[in-house]
Amino acid sequence: MAQKKRKIIKRKKSYKTINTAPGTVAYVGEKQFLETKVDIVNYNRENCDFNKSDKVEDAFNFKGQEHVTWININGLNNTTEIEKLGLHYNLHPLVLEDIVTTNQRAKLEEYEEYLFIVFKMLHFKNEDEIVYEHMSMVVGENYVLTFQEADGDVFDDLRDRIKNAKGRIRNAKADYLMYTILDAVVDNYFTVIEAEGDKIEDLEETLFIEESNSNTTTTSIQNQKREILKIRRTVFPFREVVNKLEKSEIEFIEDKTKNYLRNLYDHMIQVNESIDLYREMIWGLMDLYMTNISNKMNEVMKVLTIIATIFIPLTFIAGIYGMNFSNMPELTNPYGYYIVWAVMIVILIIMLIYFRKKRWL
């Protein structure tokens, strides 16, 4: 009876493309139900005010004042509020579209009155999970607008410096605030990368533990490889953004700030070099793991081969005296059985000594 062949049916992935008009402000992201929050920081050399609100209209009063104003929007799903802010600051519709498009690549765009920067902010959640958060920044002559996808960021130290007038930030303009925001993001890149480096070193130690679970180790290496590649894909384009920013000729970026941006670019080079190093390490770990598995398999095969080699002459002797011939003089010897055992034991001992001298055992 013929067996029926089973057909393997592969499910095709469906990729849906939404074709909208250019400049359409439609949020593309996972955090759909986040309440929009507005953080407003307004400061100069003498004064500093911190305000929180859930309406962007509360930030409109600060435009045009002789202060530096930092408006931070948490939550991109409320596109109506973002459009209001964009209308107030005369932002291009394509800028508003890129702000709410979370899969946007890091980039820098120069307009007549402002700069528009897109990048990713990385930070830890629950001390283990890396959060990849889309972030946009609009920089004008006396204001900085930042848009982030959710609550939680890496700017607590920066806010403390503004509040307590630490460093030169309260004496500088909006271009320096832009630099400090980017610097805080890049500094946290180092934190995330160092943590990933520690994980890779722990994996390397695990590979040499005999009792390590091979399936768990393989999964850990693959997960770590995907994480490193994701970090590289996120961070690598940002180096080009910083380089363009340092070479920008827009008027409100002072030469003093460009010196800081040059230093930030050096940090980005170091970040990318570290990522490439860890990427090579994780690929090396996979090769090391496969080599380790191969060596363990070779050890098993060596033991089995030695056992088989030892029993070959013994099996040969047992096979000869297992033949049913009548003219075998040893069969009539009363000590034949003991003699055969003695010969087998002597052969066994000689072979073990020989393998020992060859360091095969």
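Sequence order as written defines residue numbering, which begins from 1 separately in each chain. Reporting of local features is limited, given that this is a predicted model, to residues whose pLDDT is at least 70; pairs of side-chain atoms are given and counted only at 80 or more, and all residues count toward the totals for whole chains, interfaces and linings. The side-chain values count all of the structure's non-hydrogen atoms but skip hydrogen atoms and water molecules.

### Quick notes on a nonpolar patch on the surface
For patch building, the residue pool is restricted to those with more than 30% relative accessible area and no salt bridge; the joining distance is 9 Å between like charges and 5 Å between nonpolar side chains (Val, Leu, Ile, Met, Phe, Trp, Tyr). Throughout, the Shrake-Rupley method with a 1.4 Å probe supplies accessible areas, and for residues the shown protein chains are the sole cover considered. Salt bridges, as used here, are contacts in which a Lys or Arg side-chain nitrogen is within 4 Å of a carboxyl oxygen on Asp or Glu. A surface patch of nonpolar side chains, amounting to about 980 Å² of accessible area, comprises Y335, Y337, Y338, I339, W341, V343, I345, I349 and I353. A 1.4 Å probe rolled over the protein chains alone gives each residue an accessible area, and that area as a share of the maximum for its type sets the label: buried under 20%, exposed over 50%, partly exposed in between. Overall, Y338 belongs to the exposed group, its relative accessible area being 57%.

### Looking at helix α6 (residues 255-320)
Look at α6: 97 Å from first C-alpha to last across 66 residues, which is about the 98 Å you get at 1.5 Å a residue. Consider a residue and the seven residues that end there alongside the seven that start there; fitting an axis to each set, the bend is the angle between those axes. Secondary structure elements follow DSSP: runs of H or I no shorter than four residues count as helices, runs of E no shorter than two count as strands, and numbering proceeds from the N terminus. Of all the bends found along α6, the most pronounced is centred on I312 and spans about 30°, while P313, a proline, follows it within four residues. Expected span, for any helix, means 1.5 Å times one less than how many residues it has.

### With respect to the packing of aromatic side chains
Aromatic rings from Phe, Tyr and Trp, with only the six-membered ring used for Trp, were paired whenever their centres fell within 6.5 Å, and each pair was classed as stacked if the ring planes differed by under 30 degrees, edge-to-face if by over 60, and tilted otherwise. All told, the structure shown has eleven aromatic pairs when counted by the stated rule. Between Y337 and Y338 the ring centres are 5.5 Å apart and the planes differ by 80°, which places this aromatic pair in the edge-to-face class. Among the aromatic residues, ring-to-ring pairing joins F119, Y189 and F238 into one connected group. Lysine NZ or arginine CZ positioned within 6 Å of the ring centre and within 35 degrees of the ring normal marks a charge as sitting over the ring. Positioned over the ring face of Y176 is R168, at 4.5 Å from the centre of the ring. The residue whose ring lies beneath R232 is F236, and the NZ or CZ to ring-centre distance is 4.8 Å.

### So, the packing of helix α3 (residues 156-163) against helix α4 (residues 174-206)
Fitting a line to C-alpha atoms yields each axis, with helices limited to the stretch in contact; the angle taken between N-to-C directions then spans 0 to 180 degrees. Where α3 contacts α4, the two axes come as close as 10 Å, and the packing angle between them is 145°. As for the relative orientation of α3 and α4, their crossing is right-handed in sense. Contacts between α3 and α4 involve L158, R161 and I162 from the former and Y176, L177, T180 and I181 from the latter. Looking at the contact of α3 with α4, its residues break down into five nonpolar, one polar and one charged. By convention, the crossing between two helices is left-handed when the near helix turns anticlockwise from the far helix through less than a right angle, and right-handed when the turn is clockwise. The contact rule is simple, with two residues in contact once any of their heavy atoms fall within 4.5 Å. Any residue that is not Ala, Val, Leu, Ile, Met, Phe, Trp, Tyr, Cys, Pro, Asp, Glu, Lys or Arg is counted as polar, Gly included; the first ten are nonpolar and the last four charged.

### Some points on the confidence of the model for the protein
For the protein, the mean per-residue pLDDT works out to 83, and 90% of the residues sit at or above 70. Across residues 1-11, confidence stays below pLDDT 50; counting only partners more than four residues off in sequence or on other chains, it has zero contacts. pLDDT measures how confident the predictor is about each residue, on a scale from 0 to 100.

### Quick look at α3
The complete set of buried residues in α3 reads L158, R159 and I162. Taken down its axis, α3 places every buried residue within 100° of arc, on the same side. Every exposed residue of α3 that faces more than 90 degrees away from the buried side is listed here: D156, D157 and K163. Among the structural elements, β1 (37-43), β2 (48-53), β3 (68-74) and α4 are those in contact with the buried residues of α3. Positive backbone phi, approximately 55°, marks A165, located one or two places after α3. The arc under discussion is defined with respect to the helix axis, by the directions toward the C-beta atoms.

### Remarks on the side chain of N42
With respect to the element layout, N42 can be found in strand β1. Classification of N42 as buried rests on a relative accessible area of 3%. In this structure the side chain of N42 is engaged in a polar contact, spanning 2.7 Å, whose partner is the side chain of T69. Polar contacts here mean pairs of N or O atoms no more than 3.5 Å apart (in protein, one a potential hydrogen donor and the other a potential acceptor; neighbouring residues in sequence count only if both atoms are side-chain atoms).

### As for the pattern of salt bridges
Tallied over the entire structure, the rule returns 14 salt bridges. D98 is the partner of K107 in a salt bridge, and the nearest nitrogen-oxygen pair spans 2.5 Å. One salt bridge in this structure joins D153 and R159, with 2.8 Å as the shortest N-O distance. Each member of the pair, D153 as well as R159, carries the same accessibility label: buried. Linked through salt bridges whose partners overlap, the residues forming this network are E57, E81 and K84.

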